[in-house]
Every structure is written in C-alpha cells, then in structure tokens.
Amino acid sequence: MQRWLFKSEPDAFSIDDLAARPGRTEPWDGIRNYQARNLMRDAMTVGDEGFFYHSSCAVPGVVGTLRVVRGAYPDHTAQDPASPYHDPKATPAEPRWLMVDVQLIERFERTVALKTLKATPALDGMALLRRGNRLSIQPVSDEEWAIILDMATGR
DNA sequence: GCCAACGTTGGC
DNA sequence: GCCAACGTTGGC
C-alpha cells in the first residue's frame, strides 16, 4: 500500500466537509496539475491511505487520514462550464483530468501543524517541506506516515 | 496583501 | 524548442 498527502484549502473543502458527506466519502476533484494527475493515474490504487492537509489557512497542517475507495476516473467538473475547475480542452473522449474517491478514516483531535513538521528533524526529507513544493498530491513514506500519525494520536 | 517559487501558455 | 509573460500556489 502506498501513502499520500492530499492538500486542500479548508475554505474550499475541509476535513469537516468530508466528515459531513454521506459515507464520509467524496470525489477529490479539481486537480489541474499533470504531475498530481499522473500520480493518481499511475501509482494510486484503491486501499491506499493518505493524510488530509489544510493549506492556505490560519494553521496549515495535517488534520486527519483518509482512504482511497475508488481509483482514477474522469473528473467531470473539467467539462462543466459552470464549474470553477472548468477546462475548455476537456471533452468526453479526452477528459484530460482525473479524480479519485476518498473516504475519511479519522479526523485528528488536533492539527499537526506545518510548523511542527518543520521542527521535526526526522521529516527533513519530506516532499511537503521541500522548498517551493506546490504539488497538491504527493507521496508519503511509511516512516513519515508513522511519525506524523504518532504526533497526532500518540499511537 | 506580499512575494517567492513554480507551472503553463504561446509567439517566434 | 526556447523563453518571456503570465497565472497560481501557499506560507507568512
């Protein structure tokens, strides 16, 4: 199983929004970056787990965990002119953009803040912390997963 | 709101 | 294929 980190701006879609969805499940739509799309298409499979990360907010950080419950399929919002994620180059034959469905596993009682991650030497190599990194879906190693989960829950 | 860093676009 | 201009991301 591969582990991931999913970024979202909580003003747009927060972990509480995911928790409120039927089945605590939601399509992770709106990915408009080729590298992130290719990760979903080529490397992500049903059963993979990920961190839910809040970006562009008061306390950026990891706020919970989720599971991939449906593998990559066309992101129809790209073909919807009314969607903020509309892409005029997307068509039914060439959908161009993909999404997966994710289900909430756990909402952490407290955020593991970006500041805390940066202050943890064992996480020095983490993709999230690399300068200028903007990838909205990125791989997380087993070691990073264990460290952050331990910080969040003490497990 | 600022701005550094990055990705994408499009003219040539 | 180069690269300048532009748009976006995201921490602060």
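Criteria and cut-off values
- Residues numbered from 1 in each chain as written.
- Chains lettered and ligands numbered in written order.
- Predicted model: local features only at pLDDT ≥ 70, side-chain atom pairs only at ≥ 80, totals over all residues.
- Heavy atoms only, no water.
- Helix = DSSP H or I, 4+ residues; strand = E, 2+ residues; numbered from the N terminus.
- Contact = heavy atoms within 4.5 Å.
- Areas by Shrake-Rupley, 256 points an atom, 1.4 Å probe, with all protein chains shown as cover.
- Lys, Arg positive; Asp, Glu negative; His and termini not counted.
- Charge placed at Lys NZ, Arg CZ, Asp CG, Glu CD.
- Pairing = 2+ DSSP bridges.
- Axes fitted to C-alpha atoms, helices over the stretch in contact; angles between N-to-C directions.
- Near = heavy atom within 4 Å.
- Polar contact = N/O pair within 3.5 Å; in protein donor to acceptor, adjacent residues only side chain to side chain.
- Nonpolar A, V, L, I, M, F, W, Y, C, P; charged D, E, K, R; others polar.

(A) Inspection of the overall build of chain A at higher detail. Assigned secondary structure in chain A consists of 4 helices and 6 strands. Along its sequence from the N terminus, chain A presents helices and strands in the succession β-α-β-α-β-β-β-α-β-α. Taken along the three principal axes of its C-alpha coordinates, chain A extends 45 × 35 × 30 Å. For chain A, the proportion of contacts with a sequence separation of at least 24, taken over those separated by at least 6, is 74%. Accessible area for chain A stands at about 8,200 Å²; split by element, carbon and sulfur atoms hold 49% of it. Across chain A, the mean location of the 19 positive side-chain charges is 4 Å away from that of the 21 negative side-chain charges.

(B) A look at the sheet that holds strand 2 (residues 25–27). The strand order across the open sheet formed by 6 strands is 2-5-4-3-1-6, and the pairing between neighbours is mixed. At either margin of the open sheet sits one strand with a lone partner, and together these are strand 2 and strand 6 (137–140). Across the sheet, the mean angle from the axis of one strand to that of its neighbour is 35°, orientation sign disregarded. Judged from the 4 bridges that link them, strand 1 (residues 3–8) and strand 6 form a sheet pairing that is antiparallel. Each residue of the ladder has a partner; that of Trp 4, found in strand 6, is Pro 139. The strands touched by helix 4 (residues 142–153) are strand 1, strand 3 (49–54), strand 4 (61–74), strand 5 (98–113) and strand 6; relative to strand 5, the strand with the most contacts, the crossing angle is about 45°.

(C) Looking closely at the protein's contact with DNA strand C. Close to DNA strand C lie Lys 7, Tyr 53, Ser 55, Ser 56, Pro 60, Leu 114, Lys 118 and Arg 134, which account for all nearby residues. A share of 80% of the atoms of DNA strand C within 4 Å of the protein falls on sugar and phosphate groups. In the model, a phosphate oxygen of DNA strand C is placed 2.6 Å from a nitrogen or oxygen of the Lys 7 side chain. Within the backbone of Ser 56, a nitrogen or oxygen atom sits 2.8 Å from a phosphate oxygen of DNA strand C.

(D) Representation of the pairing of strand 4 within the structure. Bridge count between strand 3 and strand 4: 6 bridges; the pairing is antiparallel. For Gly 50, the partnering residue across the bridge sits in strand 4 and is Leu 66. The hairpin formed by strand 3 and strand 4 contains 6 residues between the paired strands, and Ser 56 there has a positive phi angle of roughly 50°. Pairing of strand 4 with strand 5, which is carried by 10 bridges, proceeds in the antiparallel orientation. Residue Pro 74 lies in a different strand from strand 5, and its bridge partner there is Leu 98.

(E) Molecular detail of the protein's contact with DNA strand B. Close to DNA strand B lie Tyr 34, Arg 96, Arg 131, Gly 132 and Arg 134, which account for all nearby residues. A distance of 2.4 Å separates a phosphate oxygen of DNA strand B from a polar side-chain atom of Arg 131. Within the side chain of Arg 134, one N or O atom sits 2.3 Å away from a base oxygen of DNA strand B. Across the surface near DNA strand B, the residue classes break down as 1 nonpolar, 1 polar and 3 charged.

Coordinates in, geometry out; function isn't part of it.
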